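Residues per chain are reported as follows:
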Amino acid sequence: MIARTIQLTYEHRVFFTRAVFDPGNPVLRDLIAEGRQDGSGAVKILMVIDQGLAESDPLLVERIARYADAHAEVLQLVEAPLLIPGGEDCKNDWALVERIWERIHAGGICRHSYVIAVGGGALLDLTGFAAATAHRGIRHIRIPTTTLSQGDGGVGVKNGVNYFGKKNWIGTFAIPHAVVNDLDFLRLLPPAQRRAGIIEAIKVALIRDRSLFEAMEAMAGRLANLEEQALETVIRRSAELHMNHIAQGGDPFELGSARPLDFGHWSAHKLEQISGFQVGHGDAVAVGMAVDLIYARRRGLLPPEDEQRALGLIRAVGFNLYAPELALRQNGELIIVRGLEEFREHLGGELTITLVTGIGRAIEVHEMDTDVLPLVLDEMAVRFGTGTAQAAGGVPARVA
Ligand SMILES: NC(=O)c1ccc[n+]([C@@H]2O[C@H](COP(=O)([O-])OP(=O)(O)OC[C@H]3O[C@@H](n4cnc5c(N)ncnc54)[C@H](O)[C@@H]3O)[C@@H](O)[C@H]2O)c1
Ligand SMILES: [Zn+2]
């Protein structure tokens, strides 16, 4: 045997800024200049932009052009920004991967160039995948523009698209050159999407950070009203906790079976899929966390008062805890429960589900009792289903 250890060190960086494309803002220019070799000319850039974002921000493309002009000695756009429809649909359309590859090819984008993606988590996942696979990996800068992607999806090291009707079935792990969170973009989001990022912050607080959870309880009213400062505080801390997990959790590329940041996600992913992606990721995660919180309480792992407190905060910031798709059956079997096997399959190895055992504390289990799950879903229908949701929520006084 010949064995060698390959050691690599990566810097994973998330910048927080405003007006990233204002010519006076140096963040992006400096990041691109880092990759420039001495004496070489401007670095080639392919910009990929979320069309939904561009529609909400009609001057965006023009601002980017002016930014590029102002910093022409450092960066050169190989063509006008490529606009791609954002949202989950873009991850369901393989032709879009090829469209980005084509532009990379036509523009002569190489490993010393950059592909910069500006948009929601879906557009970032798609573009990140195209960039990671062209020439075996082109430098990539992400500029997430939703609360969810700024605090969670966009600050991670994964990319991917959906295939065989399954989420993220194709993808890679690729640490971006940098992530730039421009908080100004969040102002353009419709309320439901501004709210979506809050749920991932509650998720990471529940498994990792009691003090964040308590801080969120204290500002639940402001979060429910989507107040800018409250949102920013929560997004920053959420991004930081996600990055801590990736950098310090010992398994950045998820080679093991545990995936604590996917707390509540096994059923959430399935719910998104059953609904034909009509239920958004944030709304699905709220329901998915409720499934696992109630399950943990029923198994005696989570004290009832902590279950009520967790569910109370999720509702207090404006999420529903039930979706009618939870009750759908095929051949007598609850469809949502299949999400467990799909979750295991995606990760490989032993089924590993994170369950909360107290506010800020979690454990991993390798089995979910499929006799208990239908009881959980029944309980949810009664407590939170149509017409009965108000009857039994248990919103604690401190966040009500
Ligand atoms: N790679 C990861 O580690 C990771 C982690 C979590 C989630 N994700 C993925 O992220 C995706 C969800 O991302 P998302 O919640 O950001 O939503 P999204 O990307 O689906 O975008 C939602 C909508 O908002 C529009 N949009 C984006 N920015 C906007 C803005 N500032 N103003 C107005 N409209 C805007 C988009 O065009 C789209 O129509 C899912 O596909 C999920 O699987 C990935
Ligand atoms: Zn998520």
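Cut-offs and rules
Residues numbered from 1 in each chain as written. Chains lettered and ligands numbered in written order. Predicted model: local features only at pLDDT ≥ 70, side-chain atom pairs only at ≥ 80, totals over all residues. Heavy atoms only, no water. Helix = DSSP H or I, 4+ residues; strand = E, 2+ residues; numbered from the N terminus. Rg over C-alpha atoms; globule rule 2.2 N^0.38 Å. Buried < 20%, exposed > 50% of the residue type's maximum accessible area, 1.4 Å probe, protein only. Contact = heavy atoms within 4.5 Å. Areas by Shrake-Rupley, 256 points an atom, 1.4 Å probe, with all protein chains shown as cover. Lys, Arg positive; Asp, Glu negative; His and termini not counted. Charge placed at Lys NZ, Arg CZ, Asp CG, Glu CD. Donors = N, O, S within 2.8 Å, 3.2 Å for Na, K, Ca; no water. Core = buried A, V, L, I, M, F, W, Y, C linked by side-chain atoms within 4.5 Å. Domains from an automatic or database assignment. Buried area = accessible area lost by both parts, 1.4 Å probe. Expected span 1.5 Å × (residues − 1). Patch = residues over 30% accessible without salt bridge, like charges linked within 9 Å, V, L, I, M, F, W, Y side chains within 5 Å. Salt bridge = Lys/Arg side-chain N within 4 Å of Asp/Glu carboxyl O. Axes fitted to C-alpha atoms, helices over the stretch in contact; angles between N-to-C directions. Parallel < 35°, antiparallel > 145°, perpendicular 65-115°, else oblique. Left-handed = near helix turned anticlockwise from the far one by under 90°. Nonpolar A, V, L, I, M, F, W, Y, C, P; charged D, E, K, R; others polar. Phe/Tyr/Trp six-rings, centres within 6.5 Å; stacked < 30°, edge-to-face > 60°.

A. The arrangement of the overall build of the chain in detail. Looking only at helices and strands, one finds 15 helices and 13 strands in the chain. The C-alpha atoms of the chain give 22 Å as radius of gyration, which agrees with the globular expectation for 400 residues (21 Å, within 12%). Looking at the 400 residues of the chain, the share that counts as buried comes to 54%. Considering only contacts within the chain whose residues lie at least 6 apart along the sequence, 76% involve residues at least 24 apart. Accessible surface for the chain amounts to roughly 17400 Å². Of this, 50% is attributable to carbon and sulfur atoms. Between the centroid of the 40 positive side chains of the chain and the centroid of its 50 negative side chains there is a distance of 2 Å.

B. Structural detail: the coordination of the zinc ion (ligand 2). Surrounding the zinc ion (ligand 2) are the protein donor atoms Glu200 (OE), His265 (NE2) and His281 (NE2), which sit 2.1 to 2.2 Å from the metal. In primary-sequence terms, the residues that donate to the zinc ion (ligand 2) follow E-x64-H-x15-H. With Glu200 in helix 7 (residues 191-208) and His281 in helix 12 (residues 281-298), this residue pair connects regions lying 81 residues apart in the sequence.

C. Here's a closer look at the environment of Ile199. Mapped onto the elements of the fold, Ile199 is located in helix 7. With relative accessibility at 0%, the residue Ile199 sits in the buried group. Separated by 119 residues in sequence, Ile199 and Ala80 have C-alpha atoms that sit 35 Å apart. Those residues within four positions of Ile199 in sequence are excluded, and the remaining contacts are Gly282, Val285, Ala286, Met289, Ile314 and Phe319.

D. Layout of the nonpolar core. Within the largest apolar cluster, 66 residues are counted, with the highest numbers of intra-cluster contacts made by Ile202, Leu206, Met368 and Met380. Counting 27 residues, the second-largest nonpolar core is a separate cluster that includes Val27, Ile32, Ile64 and Tyr67.

E. Representation of the domain arrangement of the chain. Entries for the chain in the domain assignment read domain 1 (14-188) and domain 2 (192-384). Each of domain 1 and domain 2 has a C-alpha centre, and these two points are 28 Å apart. With 24 residues of domain 1 at the contact, the number on the domain 2 side is 29 residues. Between domain 1 and domain 2, the buried area comes to about 2300 Å², and carbon and sulfur atoms account for 62% of it. Summed over the three residues of domain 1 that lose the most area to domain 2, namely Thr147, Leu148 and Lys167, the buried surface amounts to 23% of that side.

F. Spotlight on helix 5 (residues 121-133). A rise of 1.5 Å per residue sets the reference length of helix 5, with its 13 residues, at 18 Å; its end C-alpha atoms lie 18 Å apart and thus fit the reference within 8%. Within helix 5, eleven of the 13 residues are buried, leaving the element largely enclosed by the surrounding structure. Of the positions making up helix 5, those classed as buried are Ala122, Leu123, Leu124, Asp125, Leu126, Thr127, Gly128, Phe129, Ala130, Ala131 and Ala132. Just downstream of helix 5 lies His135, where phi reads positive at about 50°.

G. Up close: a nonpolar patch on the surface. On the surface, a nonpolar cluster with roughly 700 Å² of combined accessible area is contributed by Ile6, Leu8, Tyr10, Phe173, Phe253 and Leu255. In this fold, Tyr10 is placed in the segment before strand 1 (14-17).

H. Fine view of the packing of helix 7 against helix 12. Where helix 7 contacts helix 12, the two axes come as close as 8 Å, and the packing angle between them is 30°. Between helix 7 and helix 12, the crossing angle belongs to the class labelled roughly parallel. Crossing hand, helix 7 versus helix 12: left-handed. Residues Ala196, Ile199, Glu200, Ile202, Lys203 and Leu206 of helix 7 lie in contact with helix 12, whose contacting residues are His281, Gly282, Val285, Ala286, Met289 and Leu293. The class makeup of the residues in the contact of helix 7 with helix 12 is eight nonpolar, two polar and two charged.

I. Structural context of the packing of aromatic side chains. In total, this model carries seven aromatic pairs according to the counting rule given. Their ring planes at 75° and their centres at 5.9 Å tell us that Trp94 and Tyr163 sit as a pair that is edge-to-face. With Trp94 in helix 4 (residues 94-106) and Tyr163 in strand 7 (residues 161-163), this residue pair connects regions lying 69 residues apart in the sequence. On the basis of relative accessible area, Trp94 is assigned to the partly exposed category, the value being 28%.

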